[in-house]
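# Descriptive structure summary
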Amino acid sequence: MELTARLDQICEAVGRDPATIGRSVGVFVDPDNKGKVEEIGFGPPISGSIVQITDTIAGFADVGMTRSKLSPGRRRSAYSSN
C-alpha cells in the first residue's frame, strides 16, 4: 500500500482529517546524473534538464506532497572552481 494512503487510513481510524497533515519528500538533485548519490546508497536522484527537474519537483504536489527538501547530488568544496 502506498504510504500516503496508509497515513490517510490511520488518520481516519483515529478521527483526524488527513488533509491537516503536511507531507514531505526529501530528494537529491543531480543534473549531471553522475551516480554519486546512488553509490552512497541514497537511491536515484532527480536528474535531467532544468525543465525535466522542474517538472519532476512540480509533480510531487500531484501526489499530495506539501513540502520538498532538495539536496545537491554531490558536495562541492567552497574553494572548488567546478
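The structure contained in this document is the topic of the report that follows. Bear in mind that the values here come from a model prediction, so they are computed numbers and not experimental data. (Residues numbered from 1 in each chain as written. Predicted model: local features only at pLDDT ≥ 70, side-chain atom pairs only at ≥ 80, totals over all residues. Heavy atoms only, no water.)

## Comments concerning the overall build of the chain
- Within the chain, the secondary structure is distributed over three helices and two strands.
- For the chain, the N- to C-terminal ordering of α and β elements is α-β-α-α-β.
- Taken over 82 residues, the chain has a buried fraction of 21%.
- The long-range share in the chain, meaning contacts at least 24 apart out of those at least 6 apart in sequence, stands at 47%. (Helix = DSSP H or I, 4+ residues; strand = E, 2+ residues; numbered from the N terminus. Buried < 20%, exposed > 50% of the residue type's maximum accessible area, 1.4 Å probe, protein only. Contact = heavy atoms within 4.5 Å.)

## Considering helix α3 (residues 50–62)
- For α3, with 13 residues, the first-to-last C-alpha span of 19 Å sits near the 18 Å given by 1.5 Å per residue.
- The positive-phi residue at the C-terminal boundary of α3 is Gly 64, with phi of around 95 degrees. (Expected span 1.5 Å × (residues − 1).)

## Topic: the pairing of strand β1 (residues 24–29)
- Of the two faces of β1, the one holding Val 25, Val 27 and Val 29 is buried and the one holding Ser 24, Gly 26 and Phe 28 is not buried anywhere.
- Where β1 lies against strand β2 (residues 67–72), six bridges are found, and the strand directions are parallel. Looking at the pairing, Val 29 lines up with Pro 72 of β2. (Pairing = 2+ DSSP bridges.)

## Regarding the pattern of salt bridges
- Enumeration over the complete set of coordinates arrives at one salt bridge.
- Of the charged contacts, one joins Arg 23 and Asp 8 as a salt bridge, the two residues approaching to 2.4 Å between their closest N and O atoms. With a gap of 15 residues between them, Arg 23 in the loop between α1 (3–13) and β1 and Asp 8 in helix α1 connect regions that are remote in the sequence.
- Judged by relative accessible area, Arg 23 falls into the buried class, the value being 11%.
- For Asp 8, a relative accessible area of 25% corresponds to the partly exposed category. (Salt bridge = Lys/Arg side-chain N within 4 Å of Asp/Glu carboxyl O.)

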